[in-house]
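# What the coordinates show
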Amino acid sequence: MTNPLSRALQSLGAPVTNALIKLGFACRFLVSVLKVSPFALCRFSLTMREIWFAGVLSVLIIVVSGLFVGMVLALQGYETLVRFGASSSLGVLVALSLVRELGPVIGALLFASRAGSAITAEIGLMKATEQLSAMEMMAVNPVARVVAPKFWGGVISMPLLAALFSAMGIFGGYLVGVQLLGLDAGSFWSQMQSAVDFRLDVVNGVIKSVCFGFAVSLIAVFEGYDAPPTAEGVSGATTRTVVTSALVILGLDVLLTAFMFRGI
Amino acid sequence: MVVFDDVSFGYGEQPVLRDLSLRIDRGQVVAIMGGSGSGKTTLLKLIGGQLRARTGRVLVDGDDVGTMNETTLYGMRRKLGMLFQFGALFTDLSVYDNVAFPLRERGKLPESVVRDLVLMKLHAVGLRGAAQLMPAELSGGMARRVALARAIALDPAIMLYDEPFTGLDPISLGVTGQLIRELNDALGGASIVVTHDVAESLAIVDYVYFLADGAVVAQGTPDEVRASTHPFVKQFINAEPDGPVPFHRDAEPYATALNLERP
Amino acid sequence: MKRTMIDFWVGLFIALGIVALLFLALKVSSQSSLPASSTYTVTANFENIGGLKVRAPVKSAGVVVGRVAAITLDPQRYVASVTMKLDDRYHFSRDTSAEILTAGLLGEQYVGLEPGADEKMLMNGDRITITSSAIVLEQLISRFLFSKADEGGNAHTEK
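Residues numbered from 1 in each chain as written. Chains lettered and ligands numbered in written order. Predicted model: local features only at pLDDT ≥ 70, side-chain atom pairs only at ≥ 80, totals over all residues. Heavy atoms only, no water.

By the naming in an unreviewed UniProt entry, chain C goes by Outer membrane lipid asymmetry maintenance protein MlaD and is assigned to Jeongeupia naejangsanensis.

As annotated in an unreviewed UniProt entry, chain A is Intermembrane phospholipid transport system permease protein MlaE from Jeongeupia naejangsanensis. UniProt's Subunit (unreviewed entry) comment on chain A is quoted here verbatim: "The complex is composed of two ATP-binding proteins (MlaF), two transmembrane proteins (MlaE), two cytoplasmic solute-binding proteins (MlaB) and six periplasmic solute-binding proteins (MlaD)." Quoted verbatim from the Subcellular location (unreviewed entry) heading of the UniProt record, the comment on chain A is "Cell inner membrane". (UniProt positions renumbered as here; feature names shortened; annotations may be inferred.)

Given below as structure tokens:
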């Protein structure tokens, strides 16, 4: 370590250098996951099983939370809009906030805590109990057999979950706005439809959720694979998955939103 | 079939193996003995190519493991079967699917052939009746036997056993020892047993290496070992606390640690 | 869990997700940006566009017939040049007039087209020459206030 650059990096201290080393390893890990992905996706029953774990088992929490979030949005929005005599725009408010922001973001946060932590714990425990080593010794690549299907299962599930969240939220908004507060159903839907743009709002929301799915799945499988093979190691990795995912989701959201809606 | 040629290895600064040389021939069951932390498990990982030697060569069936790329390494591993210390069964698969795992991953065997092979292997370890159980429902000894059935599913030429005797009751112990011997004779390959269970392994092996501090300190056939006057071997076989292998890890003097010394 | 059960639930999950996406696509949103192939472009200059934004609707008789594609300032004449993409299905005569209108008192601004009587139709790249600018509410109010103040001032001097 004699060259000035590495000295400069070392002076930043161990936390920074360790974080950089980890980031570099995560990139290398992503490449090795992508490299074996064709194999993993060819055996689609493996990915099916992971969609079951990551997607199907998250449906309940997504649907219920989506419904509640939509209802709260409608109640809160109505209070404000009715002062300006614009209560017929309630559908617009609910739909735009869900489709653009809350669906992808809250969906991804729930997904990270429900499915991401489970993925990390499973891979971490498989490593701790030498199951990954055993696979390697059986000439089966654990990245291809275990990691890649979990990764793609998450990537495929996430946009579907986010769409379910938004749809349920809008339904919740409809229940509160039309059934409870007595707005006109026709204007609720038609105002919403004329104000929400398919390409600008819906497609961008889906793009966001795909990006979040990619990020959360990568963090989850990486933390599991990188976890120290002990009980504390796995529990720490599970916590890190949820915390890192939340930070990355929100940070990415700022970036993507600035990129998508800037100047329009 | 397995040759270590002046192999050195270490994790970071800490050396684990120093200029280790040993060979295992076809038909032999060889025990590697040594205290905890003497580098026994590292030795198995070097054979499997999960670790690479710093210097020297590890030859498996004549090929140098250290120079293999990923493809040839995976090809070489197909000749190996490994029994892990705690079995390392896949907890999300049933016993049947665990044993079928290497068969299904390997090739395009029809499911009926897989079924026959799985039942044969399970029969060999006496657990055909446990085929539909999940690993969580097995005792430690049974899990080890299932893992053994899985390791031999592809009839490997070289079997590696990592501590196969720890935590077994005396009956399972004898059965496992006999299984190792019989399997080796049936497969006609070589077996390496890493263990510190002296009595059980001396009963079944052809040759013994004693490892201490990453080097071979003694070797010989079981009869030679029993007759040996080498202090290390004597300590190990008779389980004496004092001898070349210290029971205590290096530390400050006991009296100092307990603040018993007068100032 | 049997494999067929997994297949069933995963299939149901994916179907639900696609239904949700379709719901968002068909019921919640509308395809407001017209496909590029079926539009033609016309421009119009305005002295003041007020609060007109890109992607604001272009309407004729209240029907949306296109969108504002770009707004730039003409550097020679200091007027706003508004580029509009109009739906191919609708054609307007060359003496069509364009004005910037406001939906309601405070609503969004849009371009209104009033067809003329010319035989020839507007073609791709043509310019609409008859335009009237946006009504800027502040200007309107200040004009009104000034005229009131003038009246009041006159009345005062008369006394």
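### Describing the domain arrangement of chain C
Under the domain assignment used here, chain C contains domain 1 (1-30) and domain 2 (36-136). The distance between the C-alpha centroids of domain 1 of chain C and domain 2 of chain C comes to 42 Å. (Domains from an automatic or database assignment.)

### Digging into empty space enclosed by the protein
Under the counting rule described, the total for this entry stands at 3 cavities of 30 Å³ or more. Within this model, the largest cavity holds a volume of roughly 130 Å³. Forming the walls of the largest cavity are 15 residues, and the residues nearest its centre are M137 and M138 of chain A together with L80, G81 and A151 of chain B. Looking at the lining of the largest cavity, the elements with two or more residues in it are α6 (131-137) of chain A together with β6 (80-83), α3 (95-106) and α5 (140-151) of chain B. Counting residues per element, the lining of the largest cavity draws most heavily on β6 of chain B, which supplies 3 residues. Volume-wise, the second largest cavity comes out at about 70 Å³. In this structure, the second largest cavity is lined by V99, G103, P104, P159, A162, A163, S166, V202, G205, V206 and S209 of chain A together with L24 of chain C. Split into classes, the residues belonging to the lining of the second largest cavity amount to 8 nonpolar, 4 polar and no charged. (1 Å grid on protein atoms, 1.4 Å probe; cavity = no way out; pocket = protein on both sides within 12 Å on 5 of 7 lines; lining within 4 Å. Points joined across faces, edges and corners; volume = space filled by probe spheres on them. Helix = DSSP H or I, 4+ residues; strand = E, 2+ residues; numbered from the N terminus. Nonpolar A, V, L, I, M, F, W, Y, C, P; charged D, E, K, R; others polar.)

### Some details on the pairing of strand β5 (residues 97-102) of chain C
All names here are of chain C. Examined bridge by bridge, β5 and strand β6 (residues 109-114) share 6 bridges and lie antiparallel to one another. Directly across from A98, in β6, lies its bridge partner L113. In this structure, β5 lies alongside strand β8 (residues 130-132), joined through 3 bridges in parallel fashion. Looking at the pairing, S97 lines up with I130 of β8. (Pairing = 2+ DSSP bridges.)

### Description of a nonpolar patch on the surface
All names here are of chain A. Judged by side-chain polarity, L5, L9, L12, V16, L20 and L23 come together as a nonpolar surface patch covering roughly 540 Å² of accessible area. Broken down by secondary-structure element, the contributors of at least two residues to the nonpolar patch are α1 (4-11) and α2 (14-42). At 3 residues, the largest contribution of residues to the nonpolar patch is made by α2. Here L9 lies in helix α1. (Patch = residues over 30% accessible without salt bridge, like charges linked within 9 Å, V, L, I, M, F, W, Y side chains within 5 Å. Areas by Shrake-Rupley, 256 points an atom, 1.4 Å probe, with all protein chains shown as cover. Salt bridge = Lys/Arg side-chain N within 4 Å of Asp/Glu carboxyl O.)

### With respect to the environment of A100 of chain B
Residues and elements named next belong to chain B. Considering the arrangement of structural elements, one finds A100 in helix α3. Of the residues examined, A100 reaches a relative accessible area of 0% and is grouped as buried. Distance in space between the C-alpha atoms of A100 and R150 is 7.4 Å, their sequence separation being 50 residues. Setting aside anything within four residues of it in sequence, one finds A100 in contact with V114 and V118. (Buried < 20%, exposed > 50% of the residue type's maximum accessible area, 1.4 Å probe, protein only. Contact = heavy atoms within 4.5 Å.)

### Concerning helix α2 (residues 70-77) of chain B
Where α2 of chain B is concerned, the buried positions are L73, Y74, M76 and R77 of chain B. Along α2 of chain B, the residues classed as buried sweep out an arc of 160° about the axis, all on the same side. Elements in contact with the buried residues of α2 of chain B: α6 and α7 (142-180) of chain A together with α1 (40-48), β4 (55-60) and β6 of chain B. (Arc of directions from axis to C-beta.)

### Here we look at the UniProt feature "transmembrane region" (unreviewed entry) in chain A
Residues and elements named next belong to chain A. Look at the UniProt record and you will see "transmembrane region" (unreviewed entry) annotated at residues 51-74, 171-190, 202-222 and 242-261. Counted over residues 171-190, helix gives 80% and strand 0%. Its end C-alpha atoms are 14 Å apart. Note that residues 202-222 is 100% helix and 0% strand, and that its end C-alpha atoms are spaced 30 Å apart.

### Section: the environment of V63 of chain C
Looking at the secondary structure, you find V63 of chain C in strand β3 (residues 63-74). For the pair V63 of chain C and G112 of chain C, spaced 49 residues apart in the sequence, the C-alpha separation amounts to 9.5 Å.

### Here we look at the sheet that holds strand β10 (residues 215-220) of chain B
Residues and elements named next belong to chain B. If you walk across this open sheet you meet the 6 strands as β6-β7-β8-β3-β9-β10, and the pairing is mixed. What marks the edges here is a single partner per strand, and that holds for β6 and β10. Neighbour-to-neighbour, the strand axes of this sheet turn through a mean angle of 20°, independent of strand direction. Bridge analysis of strand β3 (residues 29-34) against strand β8 (residues 190-195) gives 5 bridges, and the strand direction is parallel. What sits directly across from V30, in β8, is I192. (Axes fitted to C-alpha atoms, helices over the stretch in contact; angles between N-to-C directions.)

### A short note on the nonpolar core
Ranked by internal contacts, the top residues of the largest apolar core, which has 64 residues, are F4, I32, I47 and L160 of chain B. A total of 8 residues in this core trace back to one element, the largest contributor, which is α7 of chain A. The next biggest cluster of nonpolar side chains, apart from the first, holds 50 residues, and it includes I51, A74, A112 and F165 of chain A. (Core = buried A, V, L, I, M, F, W, Y, C linked by side-chain atoms within 4.5 Å.)

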